[in-house]
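These are the residues of each chain, in order.
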Amino acid sequence: VDDCSLSRQDKVILLSRPVKKAIRSFINALVQFGCITHEVLVLALILLERFLGKSEWKLRSVNWRILLIVSIRIAQKVEGQPVLAVQDMEYLYSLFQAHEFKTLERVYLQILDYDCLINIQDYTQKTREIFTAKSSSRKSTA
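Scope of this entry: the structure provided in the associated data block. Source: prediction; values computed, not measured.

So, unusual backbone geometry
Positive phi outside glycine occurs at Asp113, with the angle close to 55°. Tracing the chain through its elements places Asp113 in the loop between helix H6 (98–111) and helix H7 (120–141). A residue is classified by how much of its surface remains accessible, and Asp113, at 58% relative accessible area, is exposed. Here Tyr114, not a glycine, exhibits a phi torsion of approximately 55°, which is positive. By the secondary structure assignment, Tyr114 is in the loop between H6 and H7.

Describing the pattern of salt bridges
Tallying each qualifying case throughout the model produces five salt bridges. Between Arg50 and Asp115 there is a salt bridge, with its nearest N and O atoms 3.7 Å apart. Note that Arg50 is positioned in helix H3 (residues 38–54) and Asp115 in the loop between H6 and H7, a separation of 65 residues in sequence. Since its relative accessible area comes to 17%, Arg50 is described here as buried. Through salt bridges that share partners, Glu49, Lys126 and Glu129 make up one connected network.

What counts as what
- All residue numbers refer to position in the chain's written sequence, counted from 1.
- Where local features are concerned, this predicted model is filtered to residues with pLDDT of at least 70; where side-chain atom pairs are given and counted, the filter is 80 or more; whole-chain, interface and lining totals use all residues.
- Computation of side-chain values covers all heavy atoms of the structure but excludes hydrogens and water.
- Under the scheme used here, helices are H or I runs from DSSP no shorter than 4 residues and strands are E runs no shorter than 2 residues, and both carry numbers assigned from the N terminus.
- Accessibility here uses a 1.4 Å probe with only protein chains present; expressed as a share of the type maximum, an area under 20% marks a residue as buried, one over 50% as exposed, and anything in between as partly exposed.
- Any carboxyl oxygen of Asp or Glu that lies within 4 Å of a side-chain nitrogen of Lys or Arg is treated as forming a salt bridge with it.

Structure below.
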């Protein structure tokens, strides 16, 4: 008997897509507590989409937080804003240690070929997507 085999339910959980409401809540908390600006959020989401498009990674319920945190940190560097400290990253995602964050950030940048510049058209489009979705979700909950 294979003790390491995953149940069907475990596989479903590990391979499931993240819940949009959880992502929104996490992002809203980061903005509310002053960890990120709206500009950094837009850049981070563009970089995350770029990363996912160039890699074999898929956004899953088990990895979206860490990928978003690394995206935010890189976006803060691009924007010239104060960067989330590794200790803050460990607090936000306690399953990773400092050296693992640094390794993931390095691999992330390598997959992007260090291409972190965002053109104004992509930035404008992503901003519209975010704020259109935000206003739509407000209307549906009203």
